[in-house]
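Chains, contacts and geometry: an overview
In case you want the letters, here they are:
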Amino acid sequence: MLNKERAGDIFDRVRKYSTADEVEVLFYGGTSALTRFANNTIHQNVAEENYGVSVRTAFDGRTARATTNKFDEESLRRVVQASEALARVQQPDPDLLPMPDAGEGARATQSLPSRYFEHTAAITPEHRADSVGKIVNIATKHKLTAAGIFSTAESIEGIFNSHGLSDWHTQTSSEISITMLAADSSGWQKTNSPDVANLNAQAPAETAAKKALDSAHPEEIPAGKYTVILEPAAVLDMVGFMFFDFGGLSILDQRSFLNNRVGTKLFGDNINISDDVVHPLQSGAPFDGEGVRRQRVSLVENGMVKRLVYARATAEKMKNSEYKDKLGIIEPTGHGFPIPNEMGEAPMNIVFAAPKDPRTIDQMVASTEHGVLVTRLWYIREVDPYEKILTGMTRDGTFYVQDGKIRHGIRNFRFNESLIHMLSNVEEMGTPVRASGEESFDMVVPAMKVKEFNFTEVTKF
């Protein structure tokens, strides 16, 4: 695997070929492997190793980037030439800052838990096949059909620039996704972790199978507003639609649902959200696309929107804007994307705080007189960006709850629901867990019991 020492040598060669005022090189890539199965049979096993460098050069307020995955002398020379040629024809950017130096990049350094596990990197196709075999055995036992994936990877992220900044991150990852299919029902579970030892293929397989069996012969109930119990994957795929609005540039561009709402109480008292890269259930590099170390930022406290995150240039621009006295602390927080970009920054290590009285899903069901239990959501789209109204559908395990018990599976619903309304009506929450979905990035989120969740239409499946 590409290491920091070799990357430093590549950077030195890139810098030698450059005539720019400033040079920055991002390193990315790694090895990945995936075993895919369907119809209770493995049908694909793939593995890949690839590394790339992304070279940004800057001349007097002009900057551009070019990339390559070849590290020979001619390829490095050509990628530098491409970056410089592109930079020279750009319009000067008055907001472009000099690249950070090592001191600026290292500020707010936090101790990051290890996210590289040798036994994860060493997983073989035979190991993944053995786990898939256990999943298929569970499917066969219940007369179901299993499909899904088991993937593992080891990856690197690095940054070097001509002001002496250098930083490096290595990480492993592993993921299992399982769908169990019956004649007229299905069940699903997904789990991932940097440490494959945290994954147990049999547990999510049994859960997915139970959901498929328990939701068989789904009945139709009318659309309307229900108390809904959202499992963590469903919560994640909903709330993920709002976090790009917590970037400072989205406020300046007036494309955020937080415009005129920072410092106001927007959600329920029980909603507390931070961005925290060092949280033990999180993953990812401790630095951003410019090499600035990520800070922990408290985004929402007791329902009030408290802070935004900022890239370096956004923070400088915000300090001179009409919003400067309305947004609280304005400073670079280490959440910028590689320059140039149109997005600016966003919090990507979301952690919901644990409630004072966490409840299990079973306890949420037991306290519900009349409601719906949702395993996960899909095909989610934004309807109203400012009110954050989303539409989508339930999937792979939707149940009717009555008098504190799960009664039977139901046909899936389409929903139209505002995230603001949803997070203002959370009656109970579980202990936050590392969750994976299909519509958003991984987060640490709880299951939620929400009142008056708006289902607008019943599907035919």
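Given the structure is predicted, the values throughout are model-derived calculations rather than measurements.

Details of the packing of aromatic side chains
Here the structure, examined in full by the defined rule, presents 12 aromatic pairs. Centre to centre, the rings of Trp378 and Tyr379 are 5.7 Å apart; their planes meet at 65°, and the pair counts as edge-to-face. For Tyr379, a relative accessible area of 47% puts it in the partly exposed group. The residue whose ring lies beneath Arg376 is Trp188, and the NZ or CZ to ring-centre distance is 4.5 Å.

Description of the packing of helix H1 (residues 4-17) against helix H2 (residues 73-88)
It is the contact of H1 with H2, at a shortest axis distance of 9 Å, that shows an interaxial angle of 55°. With respect to H2, the axis of H1 lies oblique. The way H1 lies across H2 gives a crossing that is right-handed. Between H1 and H2, the contacting residues are Ile10, Arg13, Val14, Lys16 and Tyr17 on the first element and Glu73, Leu76, Arg77 and Val80 on the second.

Section: the environment of Thr360
Considering the arrangement of structural elements, one finds Thr360 in the loop between strand S11 (350-352) and helix H10 (361-366). Sequence separation between Thr360 and Pro446 is 86 residues; the distance between their C-alpha atoms is 9.6 Å.

Section: H2
Between its first and last C-alpha, H2 extends 23 Å over 16 residues, near the 22 Å set by a 1.5 Å rise per residue. Buried residues of H2: Ser75, Leu76, Val79, Val80, Ser83, Glu84 and Ala87, and no others. Taken down its axis, H2 places every buried residue within 165° of arc, on the same side. Two to three positions downstream of the cap, the backbone nitrogen of Glu74 sits 3.3 Å from a side-chain oxygen, assigning the N-cap of H2 to Asp72.

What about the environment of Arg312?
Topologically, Arg312 is positioned in helix H9 (residues 312-319). Among residues more than four places away in sequence, those in contact with Arg312 are Leu97, Pro98, Met99, Pro100, Glu104, Glu290, Val292 and Pro332. A polar atom in the side chain of Arg312 sits 2.9 Å from the side chain of Glu290.

So, the pairing of strand S14 (residues 405-409)
Strand direction decides the pairing type here: strand S13 (residues 389-402) and S14, joined by 4 bridges, are antiparallel. Looking at the pairing, Phe399 lines up with Gly409 of S14. Counting the residues between successive antiparallel strands, the hairpin from S13 to S14 contains 2 residues, one of them, Asp403, with a positive phi of roughly 50°.

What counts as what
- Residues numbered from 1 in each chain as written.
- Predicted model: local features only at pLDDT ≥ 70, side-chain atom pairs only at ≥ 80, totals over all residues.
- Heavy atoms only, no water.
- Phe/Tyr/Trp six-rings, centres within 6.5 Å; stacked < 30°, edge-to-face > 60°.
- Buried < 20%, exposed > 50% of the residue type's maximum accessible area, 1.4 Å probe, protein only.
- Lys NZ or Arg CZ within 6 Å of the ring centre and 35° of its normal.
- Axes fitted to C-alpha atoms, helices over the stretch in contact; angles between N-to-C directions.
- Helix = DSSP H or I, 4+ residues; strand = E, 2+ residues; numbered from the N terminus.
- Parallel < 35°, antiparallel > 145°, perpendicular 65-115°, else oblique.
- Left-handed = near helix turned anticlockwise from the far one by under 90°.
- Contact = heavy atoms within 4.5 Å.
- Expected span 1.5 Å × (residues − 1).
- Arc of directions from axis to C-beta.
- Polar contact = N/O pair within 3.5 Å; in protein donor to acceptor, adjacent residues only side chain to side chain.
- Pairing = 2+ DSSP bridges.

It is worth stressing that arrangement in space is one thing and function is another; only the former is reported here.
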